[in-house]
Amino acid sequence: MKKAILLIMLTILTISVKAQTTKWSFDEAHSKIGFSVVHMMVSDVDGNFKKYEGEITSDKEDFSDAKINFKIDVSSINTDNDKRDEHLRSADFFNAPQFPSITFVGDKMKKAGKGKYKLTGNFTMLGVTKKVTMDVTNRGIRKDPWGNTKAGFKLTGKVNRSDYGLKYNSVLDGGGVMISDNVDITCNIELLKSKS
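The structure displayed is predicted, hence computed values, not measured ones.

Colleague: I would appreciate a short explanation of the nonpolar core in the present structure.
Modeller: Counting 43 residues, the largest nonpolar core has Phe 63, Phe 94 and Leu 191 as its most contacted members. Ranked by residues supplied to this core, first place goes to strand E11 (residues 182–193) with five residues. Other than its neighbours up to four places away in sequence, Phe 63 contacts Trp 24, Ile 56, Ser 58, Met 109, Asn 138, Ile 141, Ala 151, Phe 153 and Leu 191.

Here it is in structure tokens:
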């Protein structure tokens, strides 16, 4: 009996050691970290971050066991307007000199239908960390012409920027505000499987 228990414990330990050894990196040439806010209650202003890095570990093909670490370089913000981007880097908004990174650490991928998931994790911006949940579409795994294994995902979600202390705004004469509190996040992600 003791031998059986010992064998079971060794098996569990071996499985734990081997868990999540498959690593995936972000293919920046085929990924986009985008966001959108409503401006003056009448139009959407879109932007993205040009520089980011991260790693995902997952041994299941459906990524339901995925562990995610992701970091955005705030200074790489791009809204196709240099003057606006400089303002967004300032203390009025992201305060890039003091808070150079936005991070996301995902801890749970819950299935929500065929190829659909709810991804939950800790989102940190301006030094404030809050739990967020994003909708994920798994677009599958493919081999590229050079023998690399790729995986594709689309992530959508929202954060309230004022929850993180990003409160710069102006009240409009006709009512409403210049910049919406809700920020829509849309990320198109292509991952590259590590060959090691």
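Colleague: I tried to follow the packing of aromatic side chains on my own but got confused; where do I start?
Modeller: Aromatic ring pairs are reported here in terms of the distance separating the ring centres and the angle at which the planes meet. Going through the model one piece at a time under the given rule, you end up with nine aromatic pairs. Aromatic pair Trp 24 and Phe 63: ring centres 5.1 Å apart, planes at 55 degrees, arrangement tilted. Remark: Phe 63 occurs in the loop between strand E4 (52–57) and strand E5 (67–73) and Trp 24 occurs in strand E1 (residues 23–26); sequence separation between them is 39 residues. Considered together, Trp 24 and Phe 63 belong to a single accessibility category, that of buried residues. Residues Phe 93 and Tyr 168 carry aromatic rings whose centres are separated by 4.8 Å and whose planes lie at 55 degrees to one another, so their mutual orientation is tilted. Highlighted residues: Phe 93 in the loop between helix H2 (82–89) and strand E7 (101–111) and Tyr 168 in the loop between strand E10 (149–160) and E11, separated in sequence by 75 residues. Owing to a relative accessible area of 9%, Phe 93 belongs among the buried residues under this scheme. Among the aromatic residues, ring-to-ring pairing joins Trp 24, Phe 63 and Phe 153 into one connected group.

Colleague: When you look at the side chain of Asn 95 in this model, what are you seeing that I'm missing?
Modeller: Counting through the fold element by element, Asn 95 comes out in the loop between H2 and E7. Beyond its immediate chain neighbours, meaning those up to four positions away, Asn 95 contacts Leu 88, Arg 89, Ser 90 and Leu 126.

Colleague: Explanation requested: the pattern of salt bridges in the structure shown.
Modeller: Think of it this way: side chains of opposite charge can pair up when their charged atoms draw near. Evaluated as defined, the whole model comprises ten salt bridges. A salt bridge links Glu 53 to Lys 71, with the shortest nitrogen-to-oxygen separation between them at 3.5 Å. On the criterion of sequence distance, the pair formed by Glu 53 in strand E4 and Lys 71 in strand E5 is long-range, its members being 18 residues apart. Taking relative accessible area as the criterion, Lys 71 reaches 36% and is therefore assigned partly exposed. In this structure, Lys 131 and Asp 107 form a salt bridge, with 3.0 Å as the shortest nitrogen-oxygen distance. With Lys 131 in strand E9 (residues 128–143) and Asp 107 in strand E7, this pair connects stretches of sequence that are 24 residues apart. Among the residues examined, Asp 107 registers a relative accessible area of 32% and is labelled partly exposed.

Colleague: Would you mind showing me how to read H2 here?
Modeller: What sets the pattern is the α-helix's 3.6 residues per turn: residues three or four places apart point alike. The complete set of buried residues in H2 reads Asp 85, Leu 88 and Arg 89. Looking straight down H2, one finds its buried side chains confined to an arc of 100 degrees; they lie on one side. Opposite the buried face of H2, at more than 90 degrees from it, the exposed residues are Lys 83 and Glu 86. On its buried face, H2 sits against strand E6 (77–78). Put simply, Asn 81 is the residue that caps the front of H2, since its side-chain oxygen is 3.3 Å from the backbone nitrogen of Lys 83.

Each value, and the rule that gives it
- Residues numbered from 1 in each chain as written.
- Predicted model: local features only at pLDDT ≥ 70, side-chain atom pairs only at ≥ 80, totals over all residues.
- Heavy atoms only, no water.
- Core = buried A, V, L, I, M, F, W, Y, C linked by side-chain atoms within 4.5 Å.
- Buried < 20%, exposed > 50% of the residue type's maximum accessible area, 1.4 Å probe, protein only.
- Helix = DSSP H or I, 4+ residues; strand = E, 2+ residues; numbered from the N terminus.
- Contact = heavy atoms within 4.5 Å.
- Phe/Tyr/Trp six-rings, centres within 6.5 Å; stacked < 30°, edge-to-face > 60°.
- Salt bridge = Lys/Arg side-chain N within 4 Å of Asp/Glu carboxyl O.
- Arc of directions from axis to C-beta.
- Polar contact = N/O pair within 3.5 Å; in protein donor to acceptor, adjacent residues only side chain to side chain.

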